[in-house]
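Letter by letter, the chains look like this.
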Amino acid sequence: MSCPYSNKPTDHEGQTNYRAIEDNIHTDFKDDMSYGDYLNLEKVLNAQHPLSNQHDEMLFIVIHQASELWIKLAGHELNEAVENIKSGDFGHAFKVIARVKQILSQLTQSWGILSTLTPVDYLKFRDTLGHSSGFQSYGYRKIEFLLGNKNAELLKVHESNPQVHQELQYILNQPSLYDEALLALKSHGLPIDKAVLERDFSLPYQANKSVLNAWLTVYQNAEQYFHLYELAEKLVDIEDSFQQWRFKHMYTVQRIIGNKIGTGGSSGVSFLKKALDISFFPELFELRTHL
């Protein structure tokens, strides 16, 4: 029987398993912008500076730096969603909210990579972190505020960076994504308590009966209020993905350090577990009981 590969086509000078570069591919970037130039890769790829000689510290740094980039993008998209809903552009709001959901899924997957870090190997460089902690993430705080989990006390962590502190202070006092959704309910003729619409937006959102009833009306008349119905489901998508991220974070920390105190001074796993009880959009989950 003849060899099935004996007639395999050859490429450059008779070589197989080879792809020749095409003549029109640009190779001279002395005076032209390259891929690395556009993405500023010299800075990005040289921003990893381990403080120990432990092999696994590079994993720890890259995972968190990459996560911060995804978090930055999520904040960028949520800002756009807030503006879209404010202006009544539901179509584009749905697009960017769907993107946020995928970003959160990507972030959740990253914890699986970090969980390959064993407790013994992490302890070899944990002390080099000092008091630095993900709790101090500016990007994460921005997402929480944009989604409506407001807490002015959290600004204390960012006082050492005036520019960051100022931006977070501004977002804290502005209507969140959910606040804009509730204003949209009102604009469509659904009764919402004035105390909800004109509240102090820097305070944590509290569930309200009029909001629950308004969303119930939307769900019970989905065809009439289709944009609002779809908006509600998109918001549920975000909370679902966000909670999965929170849970995977908590579980990964528990897997690696058990119940040790966090580097930032928190109680660690027990502190992370409390976040799972916080809902951005409480009425959207409660209404399911009443349908």
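Only a predicted model underlies this, so the values are computations on that prediction, with no experimental measurement involved. (Residues numbered from 1 in each chain as written. Predicted model: local features only at pLDDT ≥ 70, side-chain atom pairs only at ≥ 80, totals over all residues. Heavy atoms only, no water.)

Visitor: Let's hear about the overall build of the protein chain: which residues, and what values?
Guide: Helix and strand counts for the protein chain stand at 13 helices and zero strands. Start at the N end of the protein chain and walk to the C end: the helices and strands fall as α-α-α-α-α-α-α-α-α-α-α-α-α. Computed over C-alpha atoms, the radius of gyration of the protein chain comes to 25 Å, more than 25% over the 19 Å expected from 2.2 N^0.38 for 291 residues, which places it beyond the range of a compact globule. Counting only C-alpha atoms, the protein chain reaches 75 × 50 × 50 Å along its principal axes. (Helix = DSSP H or I, 4+ residues; strand = E, 2+ residues; numbered from the N terminus. Rg over C-alpha atoms; globule rule 2.2 N^0.38 Å.)

Visitor: Lay out the packing of aromatic side chains in plain terms, naming residues and giving numbers.
Guide: One pass over the full model with this rule turns up 14 aromatic pairs. Judged by centre distance (5.9 Å) and plane angle (25°), the ring pair of Phe247 and Tyr251 falls under stacked. Pair noted here: Phe247 and Tyr251 are both in helix 11 (residues 226-257), with a separation of four residues, about one helical turn. On the accessibility criterion, Phe247 (42% relative accessible area) is partly exposed. The exposure class assigned to Tyr251 is partly exposed, which follows from its relative accessible area of 44%. Here the aromatic residues Tyr140, Tyr178, Tyr205, Phe242, Trp245, Phe280 and Phe281 are joined through ring pairs into a cluster of three or more. A cation sits over an aromatic face here: Lys234 above Phe94, 5.6 Å from the ring centre. (Phe/Tyr/Trp six-rings, centres within 6.5 Å; stacked < 30°, edge-to-face > 60°. Buried < 20%, exposed > 50% of the residue type's maximum accessible area, 1.4 Å probe, protein only. Lys NZ or Arg CZ within 6 Å of the ring centre and 35° of its normal.)

Visitor: How would you explain the pattern of salt bridges if you had to name every residue and give the values?
Guide: Taken as a whole, this structure holds nine salt bridges when the rule is applied. For the salt bridge of Glu144 with Arg246, the shortest nitrogen-to-oxygen distance reads 3.7 Å. Within this pair, whereas Glu144 is found in helix 6 (residues 138-147), its partner Arg246 is found in helix 11, the two being separated by 102 residues in sequence. The residues Glu144 and Arg246 share a single accessibility class, namely buried. (Salt bridge = Lys/Arg side-chain N within 4 Å of Asp/Glu carboxyl O.)

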